[in-house]
Amino acid sequence: MKRLIIGVASKSFTRQRTIDIAAGRIKPKDTDPKIWVNSVESVGRLLNAENLAMIGAIRTQHPATISDLAKLMKREQSNVSRTLKRMAEFHIVEFEESHGKKMPVVNWDEISLHIPTSTAA
């Protein structure tokens, strides 16, 4: 099972963590989050019921294009494209490109939020 781990911490925490990694004071583990956000709400907005249904459709229906996904979801293509772009920033979806078309894919089985015990700084 592949897990997408999203870290939730203040900007100052993530900035200091990045500096510590670059300086060699911290060695990230494979299980550490690769994506960091400043609030649980930012993830929650992306994972609303409508978008969870879209993720489910990507997994089960395997639409070949964003246009196909928009038709499946009965939503405007521009709206679906914008949502997918935002989800891609969080690595919730990825795109496989073929013949100039983008196929949305979901490469994880579950999402976990990681909230370090000391996130304020």
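To be clear, the structure that these remarks concern was listed above.
To start, this report covers the structure provided alongside it.

About the criteria used
- Along each chain, residue indices are assigned from 1 in the same order as the chain's sequence is written.
- Totals for whole chains, interfaces and linings use all residues, but because this is a predicted model, local features are given only for residues with pLDDT of at least 70 and pairs of side-chain atoms are given and counted only at 80 or more.
- Side-chain descriptors were evaluated using all non-hydrogen atoms of the structure, hydrogens and water having been removed beforehand.
- Where helices and strands are cited, they refer to DSSP runs of H or I of at least four residues and of E of at least two residues respectively, numbered from the N terminus.
- Residue burial is assigned from relative accessible area. The probe radius is 1.4 Å, only protein chains are included, and a residue is buried under 20% of its type maximum, exposed over 50%, and partly exposed in between.
- Contacts were defined at the residue level, with two residues in contact if any of their heavy atoms lie within 4.5 Å.
- Values of accessible area rely on a 1.4 Å probe in the Shrake-Rupley scheme; residue burial ignores everything except the protein chains shown.
- Positive residues here are Lys and Arg, negative ones are Asp and Glu, while His and the chain termini are left out of the count.
- The atom standing in for a charge is NZ when the residue is Lys, CZ when it is Arg, CG when it is Asp and CD when it is Glu.
- The working definition used for a salt bridge is a side-chain nitrogen of Lys or Arg within 4 Å of a carboxyl oxygen of Asp or Glu.

1. Details of the overall build of the chain
Along the chain, the regular secondary structure elements total five helices and five strands. Going residue by residue from the N terminus, the α and β elements of the chain occur as β-α-β-α-α-α-α-β-β-β. Here the C-alpha coordinates of the chain stretch approximately 50 × 30 × 25 Å along the principal axes. Among the 121 residues that make up the chain, the fraction classed as buried is 36%. Within the chain, contacts between residues at least 6 apart in sequence are counted, and of these 65% link residues at least 24 apart. By element, 52% of the accessible surface of the chain is carried by carbon and sulfur atoms, the whole surface being about 7900 Å². A gap of 4 Å separates the mean positions of the 19 positive and 13 negative side-chain charges of the chain.

2. Here's the deal with the pattern of salt bridges
This model, assessed by the stated rule, comprises five salt bridges. In this structure, R3 engages E110 in a salt bridge whose closest nitrogen and oxygen atoms are separated by 2.7 Å. A residue pair is termed long-range when its members are at least 10 positions apart, and R3 in strand β1 (residues 3–8) and E110 in strand β5 (residues 110–114) qualify at 107 residues. A residue is classified by how much of its surface remains accessible, and E110, at 25% relative accessible area, is partly exposed. As a salt-bridge pair, E89 and R86 come within 2.6 Å of each other at their nearest N and O atoms.

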